[in-house]
Amino acid sequence: MERPKAHPFRDVRLHVVTGKGGTGKSTVAGALAIALAAGGRRVLLTEVEGRQGIAQLFDCPPLPYEERKVASAPGGGEVYALSIDPEDALLDYLELFYGMKRAGRALKRFGVVDFATTIAPGMRDVLLTGKVKEAVTRNAKRDKKKLIYDAVVMDAPPTGRITRFLNVTAEVRELARTGPVRGQAESVIALLKSKQTAVHIVTILEEMPVQETVDGAAELRAAGLPVGAVVVNMARTPLLNAAAQKAALAGKLDVSLLAAGLKRASYKVKDSQVAAMVEETAEHAERVALESRERRDLATLGLPVVELPLLADAVDLGGLYRLAEEMRTQGMVG
Amino acid sequence: MSSPKSVPRLEIDTVLDTARIIVCCGSGGVGKTTTAAALALRAAERGRSVVVLTIDPARRLAQSMGLTELDNTPRAVKGVDEAEGGHLDAMMLDMKRTFDEIVVAHSTPERADKILENPFYQSLSSSFSGTQEYMAMEKLGQLKDDGQWELVVVDTPPTRSALDFLDAPQSLARFLDGRLLRLLVAPAKAGGRAYMKVLSAGFLTFARIFTKIIGAQTLQDVSQFVAALETMFGGFRQRAEETYRLLAAPGTAFVVVSAPEPAALREASYFVDRLAADKMPLAGLVLNRVTRSKAPELPAERALAAAEELEGSDSDPLAASVLRVHAERVAMATRQRKLAERFTRAHPEVPQAEITALAGDVHDLKGLRAVGAELAEGSLALRDAG
């Protein structure tokens, strides 16, 4: 199949990746960064929850508050990574707006930084999204007309918190009616609500994550935030043909036909083992059926859907490249 | 290879029959809520009077437990077998309401109104990242104090890190009760001259910067909030400390829930370490969604080779696909076993119990009952076979 030329997110510069816990959103964010970097582009992958998930994913030492190259992509692309710490982001911000690096340190000593980043409502999120926005809009050192990164991927908070996290202005507008925090929040929200941003939701084909995806997409839309693709992660590959799938679901697999086939392959098994394999097959069929039901629910969202297969082994670097290739093949990025 | 046989078994029925508080914790998406509900149901059906506090149950599970009204009070769960004399109540946490109730309970009506109307309070009570954790712990304390239940089972909020909920109550209390806050909003008043001396000139600078950063209006809201809260100061810290003590007391049992996935097990590992460091009573690990083969003695490689042979001749598509299903299943079970063994090697003393992966979600009492039974009766011998 020909890949569609105008992939849906061609103009997007900030890819926000969210998803319910346990769906593999960090893995998807990492794979997306590699996919975007393919063909010689420069991409920044950021995390905002201080978990060092990127370091685990790319098998490198814990990331400092500094942009580091973590991977190469096919065709000369480069993936950089940054673990954004709200405290450091605040100090950055103080320096940027007030030229107050030393004062920042004093604030830290008095516990103000702690206060501002963990307690002041909305402040933490303003700082985190603010830093991401800065990376999206930063110019290259050598050529001021060029942007330093072709795209930025954010491994964002989970679906349940994403709208509030991105919709910082709403809260800050209520709280900080004046002051530079307000101004900062406004400029961040302008980027987040523009066509340059897409919020992708990662899910697996199970009831709760799919429900959260549907709810999350509705919340994002209601807040005027641009929903990108639904990324179905760890999808089972159906292993049975239509007839066998139907028979297995109904508990009517032809056991003698199966036994004959096993015999032809010189695969020696006891009857009890054949029965065990029949049970496993019935459960596989049940799972495949459940996944197709959930898939139908997702389709009602009317969003582009990308499906990534369940890899037999834990996702290592090789697995990430495979998932990245899958994203390109399915036209999520071009 | 280390033998899983040496893993001590989590004797869940002993815990259910003796504990006064059970806290289910673990990273998001591992099945904490389901595990908490299954444990509570089993304890009730074994004859105890139980209340379960859930945070964010799946819709159908909530319905099956009668959790349709969000009124922040426990309600009896219908369909529980009460033959042994037990009883089960369930409730869903309403974070904001719990906070409002504390405010009302600890101040005059006039003060309470002032606090409840304050924009800073409204934001704090509904969005501060530690509020949910704090309120879960607060509600736990209330349910315990109430005295009508022998056992309180709590599910913990889906925090980014499993550790947050141990710290969040204290950090919120520290803030609300904090001298820093008093200093910021009323430097002349708070603590008098002694503070000013200690902080010297630097203080004025930082107060100015702080005002600049968050805006004067915000500071005014905070100031009003703090003034209204004056009577409650100290109370917050005291409550947080009480809850913390309650958690560390004998009679509390922490159950760490995980799935056999690298990230979830890593969190579980941290959590076990953290509980040990804080001297919190850990009952054990529940490993949820474990894949098992029903014929684990038939290796994946041979099944795959046979499948390929059949596919080459295209003679027996059914046998070939059944072999592939089996191979996939064995490979998945093996991978999960390896991950679980990594945890076991790091924490050989932590008792474990397992729940087999199901094709669908648990969404009724029957399903919860089955989960409870497997936790109690399912033997670790199964895992030797798997």
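A short tour of the structure in this document, coming up.

What counts and what doesn't
- Residues numbered from 1 in each chain as written.
- Chains lettered and ligands numbered in written order.
- Predicted model: local features only at pLDDT ≥ 70, side-chain atom pairs only at ≥ 80, totals over all residues.
- Heavy atoms only, no water.
- Helix = DSSP H or I, 4+ residues; strand = E, 2+ residues; numbered from the N terminus.
- Buried < 20%, exposed > 50% of the residue type's maximum accessible area, 1.4 Å probe, protein only.
- Contact = heavy atoms within 4.5 Å.
- Areas by Shrake-Rupley, 256 points an atom, 1.4 Å probe, with all protein chains shown as cover.
- Phe/Tyr/Trp six-rings, centres within 6.5 Å; stacked < 30°, edge-to-face > 60°.
- Lys NZ or Arg CZ within 6 Å of the ring centre and 35° of its normal.
- Pairing = 2+ DSSP bridges.
- Expected span 1.5 Å × (residues − 1).
- Salt bridge = Lys/Arg side-chain N within 4 Å of Asp/Glu carboxyl O.
- Axes fitted to C-alpha atoms, helices over the stretch in contact; angles between N-to-C directions.
- Core = buried A, V, L, I, M, F, W, Y, C linked by side-chain atoms within 4.5 Å.

**Description of the overall build of chain B**
Moving on, step 1. Within chain B, the regular secondary structure consists of 17 helices and eight strands.
Moving on, step 2. Every one of the 386 residues in chain B was classed for burial, and the buried ones make up 55%.
Moving on, step 3. A sequence separation of at least 24 residues applies to 79% of the contacts in chain B between residues at least 6 apart.
Moving on, step 4. Per element, the accessible surface of chain B, about 16000 Å² overall, is 52% carbon and sulfur.

**Structural notes on the packing of aromatic side chains**
Given two aromatic rings, one states the distance between the centres and the angle between the planes to describe the pair.
Moving on, step 1. This structure, assessed with the given rule, holds one aromatic pair over all chains.
Moving on, step 2. Geometry around Tyr-267 of chain A places Arg-302 of chain B over its ring, the cationic atom sitting 4.6 Å from the centre.

**Section: the pairing of strand β2 (residues 49-54) of chain B**
Residues and elements named next belong to chain B.
Moving on, step 1. Across the six residues that make up β2, a large majority, six, are buried.
Moving on, step 2. On β2, burial covers both faces: Ser-49, Val-51 and Leu-53 on one face and Val-50, Val-52 and Thr-54 on the other are all buried.
Moving on, step 3. Taken together, the four bridges between β2 and strand β5 (residues 151-155) define a ladder with parallel strand orientation. Bridged to Leu-53 within β5 is Val-154.

**Considering helix α10 (residues 207-222) of chain A**
Moving on, step 1. The terminal C-alpha atoms of α10 of chain A, which comprises 16 residues, lie 23 Å apart, in line with the 22 Å expected from a rise of 1.5 Å per residue.
Moving on, step 2. Those residues of α10 of chain A lying buried are Glu-207, Pro-209, Val-210, Glu-212, Thr-213, Gly-216, Ala-217 and Leu-220 of chain A.
Moving on, step 3. Against the buried residues of α10 of chain A lie α7 (159-166), β6 (197-203), β7 (227-235) and α13 (271-299) of chain A together with α3 (59-64) of chain B.
Moving on, step 4. Of the residues flanking the end of α10 of chain A, it is Gly-224 of chain A, one or two places downstream, whose phi is positive at about 75°.

**Details of the pattern of salt bridges**
Moving on, step 1. Here the structure, examined in full by the defined rule, presents 29 salt bridges over all chains.
Moving on, step 2. The partner of Glu-134 of chain A in a salt bridge is Lys-131 of chain A, and the shortest N-O contact between them spans 3.2 Å. Of the two residues, Glu-134 of chain A and Lys-131 of chain A are both situated in helix α6 (residues 123-137); the distance of three residues between them amounts to about one turn of the helix.
Moving on, step 3. Its relative accessible area of 13% is what places Lys-131 of chain A among the buried residues.
Moving on, step 4. Residues Lys-294 of chain B and Glu-283 of chain A are paired through a salt bridge, measuring 3.3 Å at the closest nitrogen-oxygen approach. With Lys-294 of chain B in the loop between β7 (282-290) and α14 (300-313) and Glu-283 of chain A in helix α13, this pair bridges two chains.
Moving on, step 5. For Glu-283 of chain A, a relative accessible area of 29% gives the class partly exposed.

**Some words on the environment of Lys-263 of chain A**
Residue and element names in this part refer to chain A.
Moving on, step 1. Tracing the backbone shows Lys-263 in helix α12 (residues 255-264).
Moving on, step 2. With a relative accessible area of 70%, Lys-263 lands in the exposed category.
Moving on, step 3. For the pair formed by Lys-263 and Pro-158, sequence separation is 105 residues and the distance between their alpha carbons is 50 Å.

**Looking at the sheet that holds strand β4 (residues 77-83) of chain A**
All names here are of chain A.
Moving on, step 1. The strand order across the open sheet formed by eight strands is β3-β4-β2-β5-β1-β6-β7-β8, and the pairing between neighbours is mixed. Here the strands that pair on one side only, and so sit at the sheet edges, are β3 (68-73) and β8 (305-309). Pairwise comparison of adjacent strand axes, ignoring direction, gives a mean angle of 25° for this sheet.
Moving on, step 2. Here four bridges tie β7 to β8, and the two strands are oriented parallel to one another. Across the sheet, Val-231 pairs through a bridge with Val-306, a residue of β8.
Moving on, step 3. α7 contacts β1 (14-19), β5 (151-155) and β6 of the sheet and is inclined by roughly 145° relative to β1.
Moving on, step 4. Across the sheet, helix α14 (residues 317-329) lies against β3 and β8, angled at about 150° from β8, the strand it touches most.

**Some words on the nonpolar core**
Moving on, step 1. Judged by nonpolar contacts, the single largest core of 45 residues is most densely connected at Ile-22, Met-65, Leu-88 and Leu-368 of chain B.
Moving on, step 2. Sort the elements by how many residues they give to this core and helix α2 (residues 32-45) of chain B lands first, with eight residues.
Moving on, step 3. Setting aside residues no more than four positions away along its own chain, Leu-88 of chain B makes contact with Ala-40, Leu-41, Ala-44, Val-50, Val-52, Met-65, Arg-75, Ala-76, Val-77 and Val-80 of chain B.
Moving on, step 4. If you look at the next biggest cluster of nonpolar residues, it comprises 43 residues, including Leu-14, Val-48, Ile-201 and Val-227 of chain A.

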